Amino acid sequence: MAWKLGDTVIRAGRSWTDANGIKHPTNWMSWTDDEKKAVGLAWTDDLGPFDNFYYWGWNSDGDALIPKPIADLKTAKVLEAKKTSASALSQTDWYVVRKTETSVAVPDGITAYRTAVRTNYASLKTAINAVSDIAGLQALY
């Protein structure tokens, strides 16, 4: 939310010059709304928050968000899922190394956990790759 003179945002605590060349003081924020409007200022609401993972920002008309390419978003989400899975698996990697080096069996619970992590990653990757738009990708999360 901001006061604007035309397309220019007028910053609080700073003086500014209007279209008639009149320089206004730094304390202009203390004026009433009617006084601000009388010198040509207009209040504008923010366009609203948006998720900058999915969107570049608002278009010039302020009526629609500019989406990022869905292929790039899907690639990023698959990579994120892969990193999360690798992190989860890394906590139990030592069981697998121990089995390889000493033939001590990996506990069944650990094997089940590792299988579940890999299965979950595969399912999420398939779901991500199946979406065709941003709404579909957002619905997964």
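What counts, and where the lines are drawn
In this numbering scheme, every chain counts its residues from 1 along its sequence in written order. For a predicted model such as this one, the threshold for reporting local features is a pLDDT of at least 70, and the threshold for listing and counting side-chain atom pairs is 80 or more; totals across whole chains, interfaces and linings nevertheless cover every residue. Processing note: side-chain calculations cover all non-hydrogen atoms of the structure and skip hydrogens and water entirely. Note on conventions: DSSP H or I runs of at least 4 residues are helices, E runs of at least 2 residues are strands, and numbering of each starts at the N terminus. In this scheme, a helix's expected span is set at 1.5 Å multiplied by one less than its residue total. The buried label applies to any residue whose accessible area, calculated with a 1.4 Å probe on protein chains only, is under 20% of its type's maximum; exposed applies above 50%, and partly exposed to all values in between. Within this analysis, the arc is defined by the directions that extend from the helix axis to the C-beta atoms. The criterion used for residue contact is that any of the two residues' heavy atoms lie within 4.5 Å. Among the buried residues, those of types Ala, Val, Leu, Ile, Met, Phe, Trp, Tyr and Cys that are joined through side-chain atoms within 4.5 Å form a nonpolar core. Aromatic pairs are defined between Phe, Tyr and Trp rings, using the six-membered ring for Trp, whenever the two ring centres lie within 6.5 Å; interplanar angles under 30 degrees are classed as stacked, those over 60 as edge-to-face, and all others as tilted. Any Lys NZ or Arg CZ found within 6 Å of a ring centre and within 35 degrees of that ring's normal is scored as a charge over the ring.

1. Side note on helix H2 (residues 70–90)
In an α-helix, one full turn covers 3.6 residues, which means residues spaced three or four apart are oriented alike. Counted at 1.5 Å a residue, the expected span for H2 with its 21 residues is 30 Å, and the 30 Å between its end C-alpha atoms agrees. Those residues of H2 that sit buried are Leu-73, Lys-74, Lys-77, Val-78, Ala-81, Ser-85, Ala-88 and Leu-89. Axial view of H2: buried residues confined to an arc of 140°, hence all on one face. Projecting away from the buried face of H2 at angles above 90 degrees are the exposed residues Asp-72, Thr-75 and Lys-83. Looking at the buried side of H2, the elements it contacts are helix H3 (93–102), helix H4 (108–130) and helix H5 (134–140).

2. Things to note about the nonpolar core
Core analysis: the largest hydrophobic core is formed by ten residues, namely Tyr-54, Tyr-55, Leu-73, Val-78, Ala-81, Tyr-121, Ile-128, Val-131, Ile-134 and Leu-137. For this core, the secondary structure elements donating two or more residues are H2, H4 and H5. Of all the elements, H2 adds the most residues to this core, at three residues. Ranked by size, the runner-up nonpolar core spans six residues in total, among them Ile-10, Trp-16, Trp-28 and Trp-31.

3. Some details on the packing of aromatic side chains
Scanning all chains against the criterion turns up four aromatic pairs. Aromatic pair Trp-3 and Trp-43: ring centres 5.4 Å apart, planes at 65°, arrangement edge-to-face. Remark: Trp-43 occurs in strand E5 (residues 42–44) and Trp-3 occurs in strand E1 (residues 2–5); sequence separation between them is 40 residues. Note on Trp-43: relative accessible area 41%, which makes it partly exposed. Ring centres of Phe-53 and Tyr-54 lie 5.0 Å apart, and the angle between their planes is 85°; on these two criteria the pair is classed as edge-to-face. Exposure remark for Tyr-54: the relative accessible area of 5% places this residue in the buried category. Positioned over the ring face of Tyr-141 is Lys-77, at 4.2 Å from the centre of the ring.

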